[in-house]
Amino acid sequence: KFFDDRASSVAALIAYYAFFSLFPLVLVLVSVLGFALEGDPALRDEVVDSALSRIPVVGAQLDDEIEPLTGNTVALVVGLAGALWAGLGVTVALGRAFERIWDVPRLEQRGGIATRLRGLAVLALIGVVLVGATAVTGFTVGGRLGEGAQRVGALAAALAGNLAGFFAVFMLLTGRAVRARALLPGVLVASIGALLLQAVGAWY
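To keep things clear, this report deals only with the structure shown in the data block.

All right, on to the overall build of the protein chain then. From N to C terminus, the protein chain includes seven helices and zero strands. Beginning at the N terminus, the succession of helices and strands in the protein chain can be written as α-α-α-α-α-α-α. Relative to its full complement of 204 residues, the protein chain shows a buried share of 33%. In the protein chain, of all internal contacts separated by at least 6 residues, the share reaching a separation of at least 24 is 74%. A total of about 12200 Å² of accessible surface is found on the protein chain, and carbon and sulfur atoms cover 69% of it.

A few words on the nonpolar core. In this structure, I14, L94, V169, F170, L173 and L183 are the most contacted members of the largest nonpolar core, which totals 15 residues. Top element by residues in this core is helix α4 (residues 73–101). It accounts for five residues. When neighbours within four sequence positions are excluded, L173 is seen to be in contact with T91, L94, G95, F98, R110 and V122.

Turning our attention to the side chain of T115. Checked against the element boundaries, T115 lands in helix α5 (residues 112–142). By relative accessible area, which is 8% here, T115 ends up buried. One polar contact links the side chain of T115 to the main-chain carbonyl oxygen of G111, over a distance of 2.7 Å. Setting aside residues no more than four positions away along its own chain, T115 makes contact with V92, R96 and R110.

Calculation notes
- Residues numbered from 1 in each chain as written.
- Predicted model: local features only at pLDDT ≥ 70, side-chain atom pairs only at ≥ 80, totals over all residues.
- Heavy atoms only, no water.
- Helix = DSSP H or I, 4+ residues; strand = E, 2+ residues; numbered from the N terminus.
- Buried < 20%, exposed > 50% of the residue type's maximum accessible area, 1.4 Å probe, protein only.
- Contact = heavy atoms within 4.5 Å.
- Areas by Shrake-Rupley, 256 points an atom, 1.4 Å probe, with all protein chains shown as cover.
- Core = buried A, V, L, I, M, F, W, Y, C linked by side-chain atoms within 4.5 Å.
- Polar contact = N/O pair within 3.5 Å; in protein donor to acceptor, adjacent residues only side chain to side chain.

Nothing here speaks to function; it is all geometry.
Shown next as structure tokens:
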């Protein structure tokens, strides 16, 4: 079924939009920090360094390039527009993937406006869940919690956040009513995979 659904090409399309959205998001981050922390450049640089350190390979290169940027309205608008466009590209690609996987007939698939409205809801949800899950996982992997029991608790909290987030995303983007039980295997695999990626990224 993986090959019948051409899942590799769908995954490549999703990864393309996700990677493309990274750069406008960094532009938004730097612009917002430039406005909010204009009087404290040391704290601004520390926040930027912390955020970019979680991006493997290209994070250090981006850090070198964005040092001169400060709060700029044009940069903020351009960054938000680019991030929104690329983020909606991810959600549209995910929605099309779910429709293909669940064999939703063409006439029953959502139109462009409905797809993008759901995409906006998904982007907001992903942002909240991933920020929380990544923060908790970073504390766990970084060893800042000390006690073994606390690490296990933090890991469980991160996994629970991933499960809730992926379950909501799968439900919102699936093109027709699907039983929650049918979504659970994919949600579980995605949640554990995301947790491992976050852990490896924090370690790297």
